[in-house]
Amino acid sequence: MNYKKVISSILLISDGSIDHEYFLENFKIDKNKLFKIYEEVNESLKENELGFYIKYNEVSADLVTSKDITEELKNFKPPSVLRGLSTPALETLSIVAYEQPVTKLKVSEIRGVESESSLKTLEARGLIEKSGVLDIPGNPILYSTTQLFLEKMDISSIDELPILGDYFSNIEEE
Amino acid sequence: MNYKKVISSILLISDGSIDHEYFLENFKIDKNKLFKIYEEVNESLKENELGFYIKYNEVSADLVTSKDITEELKNFKPPSVLRGLSTPALETLSIVAYEQPVTKLKVSEIRGVESESSLKTLEARGLIEKSGVLDIPGNPILYSTTQLFLEKMDISSIDELPILGDYFSNIEEE
Amino acid sequence: MEINYLIENLKSLLIKYSSDKTQVEENLFELFSSFQTKEGNQNIENFAEFVLLASSLFEIKARRMLPQDDDVEWMDEVEILKDKDLAFARLLQFRAFSEIGIAMASRIKNSENQIKAFKYYQTKSLFPRPDVNYIIERDKFFSVAKEVFTRYKTIEGFKHIDKDLPDLQIAIDQFLKIIDSRLTTSFEEILRDLNSSREAIAFFLALLEAVRWGFVKADQDSIGITIEKSYEL
């Protein structure tokens, strides 16, 4: 089988990114070989000046457009997942990201304000989801970030989130 | 501008085929030049054994998978990332189910967020379909649920959907 | 004229902070009274937006996020709380997350510059029907439907979430740019270059954020608010 051909077309018609696992299992190839195929495809695309490439991390791969033509593609850019998200919603998102799984109460406590509507907004956007309940009386719902969140953050797992300190090493000096 | 780069990537990310007219108008090139670009892209793709090409007729173009790997693709159906339906998709589906036929705008209005990608997801999964256009300027597309949706819900017609009571009836009064 | 009055009021909320609650209350009372006197105002939407912003400011104020005068008054107040350390930790935590939220947003914006292939519809011609394994849980489906329509019914209640408020991030960037070029300026001076009340609001919020992050120092005297670039960072 021509792996290059089949893998590139599966990436084209897939709905979202494809886990490497899928190719490894179906084609009985190893990860090295798979990454080599990705690279071969990317070299071809680059050499021939086509405006897209296979973007992959440790977990999955997808065909995406190159960053250098963003401006030209703006008519085709889907609406941002952030569109209209307020600062409170972003705050809430960052708390869920770093404290997950986390209850509404904990989020509200950290923010100092009731956070239900922010959580709902983020859930409706698909950035966070209910991931279980806490094993205490009342069984409060736990929230976690979603696969979409990882994709949007361009990371393959929440372990790759930047360490908190990196954002603002300045705070301590104040 | 590098037409080859931009045109190939627009065809990559478009939802459906793109009318030549779009490129001719936006890039101020003539049809000969445009078709030459398509051919150049196709040559590059073929030479490098990538599994897709630009398929075009007199009116429009799209990036599609090569015919010679159709068989292989049938055996390796690309997996879907969203195996279940995400909350955004479920929200969208419920709105289409109860408000059908309904436009994208109305769905977005009810959900409070842009709902294009959810509609696409549901359409791709065969749960909803385009069922006509609204007879107002712009002719927005109307979406309805499909037979598959009824099957999945184990009901024989949408009249069997439970009445949502106050929640639903009040909306019509507004 | 109205807008100037409102900005004056907001300024007193920001700067003339007093631990005396009645001061804040008075300011808010005045602010709201001024809306009432504008009965039948066609710009009610603008005012509604303003009330929203005013209450956000008040909220920030209430959280003692702004540095006070030299005597570090807020420390005393934190003392009042049962667990001072916990309160302080939360304060820091909140500041942290607020900033991280913005950092994450810019990262997301950046990654959205790469657009994914969307050709899933082609699988329709390859397979009779997309063969995706999923089930629709009826109960979940109906509870989601109920929730979404309830929300729609009460959408007035949280419309502000998606309301097209002035882009705070842009305002902050512009604000910091001005401070970088002028080093010392005043809020009034910045207002002079603006074209709309919306921009003024955005810049006012930007000023708050900048003070909160310690990028600038702001002082009010009889003339107005003096803003100075902070070099402590």
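Note that the structure is predicted; figures quoted are calculated from it, not measured.

(A) Expanded view of the overall build of chain A. Secondary structure assignment for chain A yields 8 helices and 6 strands. The linear arrangement of helices and strands in chain A, starting from the amino end, is α-β-α-α-β-β-α-β-α-α-β-β-α-α. Among the 174 residues that make up chain A, the fraction classed as buried is 53%. Counting contacts in chain A only where the partners sit at least 6 residues apart, residues at least 24 apart contribute 43% of the total. When the accessible area of chain A is evaluated, it comes to approximately 8,100 Å², of which 49% is carbon and sulfur surface.

(B) The overall build of chain C, seen in detail. Along the backbone of chain C there are 10 helices and 3 strands. Its helices and strands taken in sequence order, chain C reads α-α-α-α-α-α-α-α-β-α-α-β-β from the N to the C terminus. Counting the 233 residues in chain C, one finds 45% classified as buried. Relative to all contacts within chain C whose residues are 6 or more apart in sequence, the contacts with residues 24 or more apart total 64%.

(C) Representation of the sheet that holds strand β2 (residues 52–56) of chain A in the model. All names here are of chain A. Ordered by their spatial adjacency, 3 strands build an open sheet running β1-β3-β2, and the pairing between neighbours is antiparallel. Strands at the two margins of the open sheet, each flanked by one partner only, are β1 (18–19) and β2. Where β1 and strand β3 (residues 60–65) come together, 2 bridges link them in antiparallel fashion. Bridge pairing links I18 to A61 in β3. Along the sheet, helix α1 (residues 3–13) makes contact with β1, β2 and β3, crossing β3 at roughly 70°. Each of β2 and β3 touches helix α3 (residues 31–47); the most contacted strand, β2, lies at about 155° to it.

(D) A look at the sheet that holds strand β1 (residues 18–19) of chain B. Spatial strand order, β1-β3-β2 (chain B): 3 strands in an open sheet with antiparallel pairing. Every other strand in the sheet has two partners, leaving β1 and β2 (52–56) of chain B as the edge strands with one partner each. Across the face of the sheet, α1 of chain A comes into contact with β2 and β3 (60–65) of chain B while running at roughly 125° to β3 of chain B. Taken strand by strand, helix α3 (residues 31–47) of chain B contacts β2 and β3 of chain B, and its axis lies near 155° from that of β2 of chain B.

(E) Examining helix α6 (residues 116–125) of chain A more closely. Residue and element names in this part refer to chain A. Of all the 10 residues making up α6, 7 are buried; the element is thus mostly covered by neighbouring parts of the structure. Burial in α6 covers these residues: S118, L119, T121, L122, E123, A124 and R125. One or two steps after α6, the chain reaches G126, where phi turns positive at roughly 85°.

(F) Examining the nonpolar core more closely. Core analysis: the largest hydrophobic core is formed by 53 residues, its most contacted members being F23 and L63 of chain A. Among the nonpolar cores identified, the runner-up in size contains 32 residues, and I110, I128 and I155 of chain B together with Y152 of chain C belong to it.

(G) The pattern of salt bridges, seen in detail. Under the criterion given, the structure shown has 20 salt bridges over all chains. In this structure, E112 of chain C engages K152 of chain A in a salt bridge whose closest nitrogen and oxygen atoms are separated by 2.9 Å. Highlighted residues: E112 of chain C in the loop between α5 (84–111) and α6 (123–126) and K152 of chain A in helix α7 (residues 147–153), drawn from two different chains. Summarising the burial analysis for this pair, E112 of chain C and K152 of chain A share the class buried. Among the salt bridges present, the one from K229 of chain C reaches D180 of chain C, with a minimum N-O distance of 2.6 Å. Separated by 49 residues along the polypeptide, K229 of chain C in strand β3 (residues 225–229) and D180 of chain C in helix α8 (residues 168–182) bring together distant segments of the chain. A relative accessible area of 24% places K229 of chain C in the partly exposed class. Residues joined in a network through salt bridges with shared partners are D62 and E151 of chain A together with K116 of chain C.

(H) The arrangement of the packing of α6 of chain A against helix α5 (residues 87–99) of chain B in detail. With their axes 6 Å apart at the nearest point, α6 of chain A and α5 of chain B run at an angle of 85° to one another. Between α6 of chain A and α5 of chain B, the interaxial angle falls into the category roughly perpendicular. Taking contact as the criterion, the partners of E123, A124 and R125 of chain A in α6 of chain A are, on α5 of chain B, T87, P88 and E91 of chain B. Partitioning the contact of α6 of chain A with α5 of chain B into residue classes produces 2 nonpolar, 1 polar and 3 charged.

(I) Representation of the confidence of the model for chain C within the structure. Residue and element names in this part refer to chain C. Mean pLDDT over chain C: 65, with 45% of residues reaching 70 or higher. For chain C, the element scoring lowest by mean pLDDT is helix α4 (residues 73–80), at 50; strand β1 (residues 184–186) scores highest, at 84. Contacts for the low-pLDDT stretch residues 38–46, under 50 throughout, to residues beyond four places or in other chains number 4 contacts. Every residue in residues 155–165 is under pLDDT 50, and counting partners more than four places away or in other chains gives 19 contacts. Both confidence scores are given for the complex: pTM 0.60, ipTM 0.73.

(J) Examining the packing of helix α1 (residues 3–13) of chain B against helix α2 (residues 20–27) of chain B more closely. Residues and elements named next belong to chain B. Running from N to C, α1 and α2 cross one another at 145°; their axes reach a closest spacing of 12 Å. Helix-helix and strand crossings are classified by hand; for α1 and α2 the assignment is right-handed. Counted together, Y3, V6, I7, I10 and L11 of α1 and Y22, F23 and F27 of α2 form the full contact between these two elements. A per-class count over the contact of α1 with α2 returns 8 nonpolar, no polar and no charged.

(K) Here's a closer look at the environment of E21 of chain A. Residue and element names in this part refer to chain A. Within the secondary structure layout, E21 lies in helix α2 (residues 20–27). Take E21: its relative accessible area is 45%, and that puts it in the partly exposed class. Residues E21 and K31 lie 10 residues apart in sequence; the distance between their C-alpha atoms is 8.7 Å.

(L) Layout of the packing of aromatic side chains. Counting across every chain of the model gives 19 aromatic pairs over all chains. Where Y3 of chain B meets F27 of chain B, the ring centres are 5.9 Å apart and the plane angle is 45°; that geometry is what we call tilted. Residue Y3 of chain B is located in helix α1, and its partner F27 of chain B is located in helix α2; the two are separated by 24 residues in the primary sequence. Geometrically, the ring pair formed by F175 of chain C and F203 of chain C is edge-to-face, given 6.4 Å between the ring centres and 65° between the ring planes. Taken together, the positions of F175 of chain C in helix α8 and F203 of chain C in helix α10 (residues 197–213) put the pair 28 residues apart, joining distant regions of the chain. Just as F175 of chain C is buried, F203 of chain C falls in that class too. Here the aromatic residues Y3, Y22, F23, F27, F35, Y38 and Y56 of chain B are joined through ring pairs into a cluster of three or more.

(M) Summary view of the side chain of K5 of chain A. With respect to the helices and strands, the residue K5 of chain A is situated in helix α1. Separated by 2.6 Å, the side chains of K5 of chain A and D68 of chain B make a polar contact. Setting aside residues no more than four positions away along its own chain, K5 of chain A makes contact with E49, L50, G51, D68 and I69 of chain B.

Conventions we followed
- Residue positions within a chain follow its written sequence, with the count starting from 1.
- Labels are handed out in written order, letters beginning with A for the chains and numbers beginning with 1 for the ligands.
- This being a predicted model, a pLDDT of at least 70 is required before a residue's local features are given, and a value of 80 or more before pairs of side-chain atoms are given or counted; all residues contribute to the totals for chains, interfaces and linings.
- Based on all heavy atoms of the structure, the side-chain values leave hydrogens and waters out of the count.
- Secondary structure follows DSSP: runs of H or I at least 4 residues long count as helices, runs of E at least 2 residues long count as strands, and numbering of each begins at the N terminus.
- Per-residue accessibility, obtained with a 1.4 Å probe over protein chains only, is compared with the maximum for each type, and a residue is labelled buried under 20%, exposed over 50%, and partly exposed between these values.
- In this description, contact between two residues means that some pair of their heavy atoms is separated by no more than 4.5 Å.
- Residue exposure ignores everything except the shown protein chains as possible cover, and the areas themselves are Shrake-Rupley values with a 1.4 Å probe.
- Pairing between strands is defined by DSSP: at least two bridges between the two strands are required.
- Where helices are involved, their axes are fitted lines through C-alpha atoms of the stretch in contact, as for all axes, and angles between N-to-C directions lie from 0 to 180°.
- Nonpolar cores were defined as sets of buried Ala, Val, Leu, Ile, Met, Phe, Trp, Tyr and Cys residues, with membership established by side-chain atoms within 4.5 Å.
- We count a salt bridge whenever a side-chain nitrogen from Lys or Arg sits within 4 Å of a carboxyl oxygen from Asp or Glu.
- These descriptions rest on fixed angle ranges, namely under 35 degrees for roughly parallel, over 145 for roughly antiparallel, 65 to 115 for roughly perpendicular, and the rest for oblique.
- Ten residues, namely Ala, Val, Leu, Ile, Met, Phe, Trp, Tyr, Cys and Pro, are considered nonpolar, four, namely Asp, Glu, Lys and Arg, are considered charged, and the remaining ones, Gly among them, are considered polar.
- Residue-level confidence of the predictor, termed pLDDT, takes values from 0 up to 100.
- Left-handed describes a crossing whose near helix is turned anticlockwise from the far helix by less than a right angle; the clockwise case is right-handed.
- Working definition: a ring pair exists when centres of Phe, Tyr or Trp rings (six-membered ring for Trp) sit within 6.5 Å. Plane angles under 30 degrees give stacked, over 60 give edge-to-face, the rest tilted.
- Here a polar contact is recorded for every N or O atom pair within 3.5 Å, except that within protein the pair must consist of a potential hydrogen donor and a potential acceptor, and residues adjacent in sequence are included only if both atoms are side-chain atoms.

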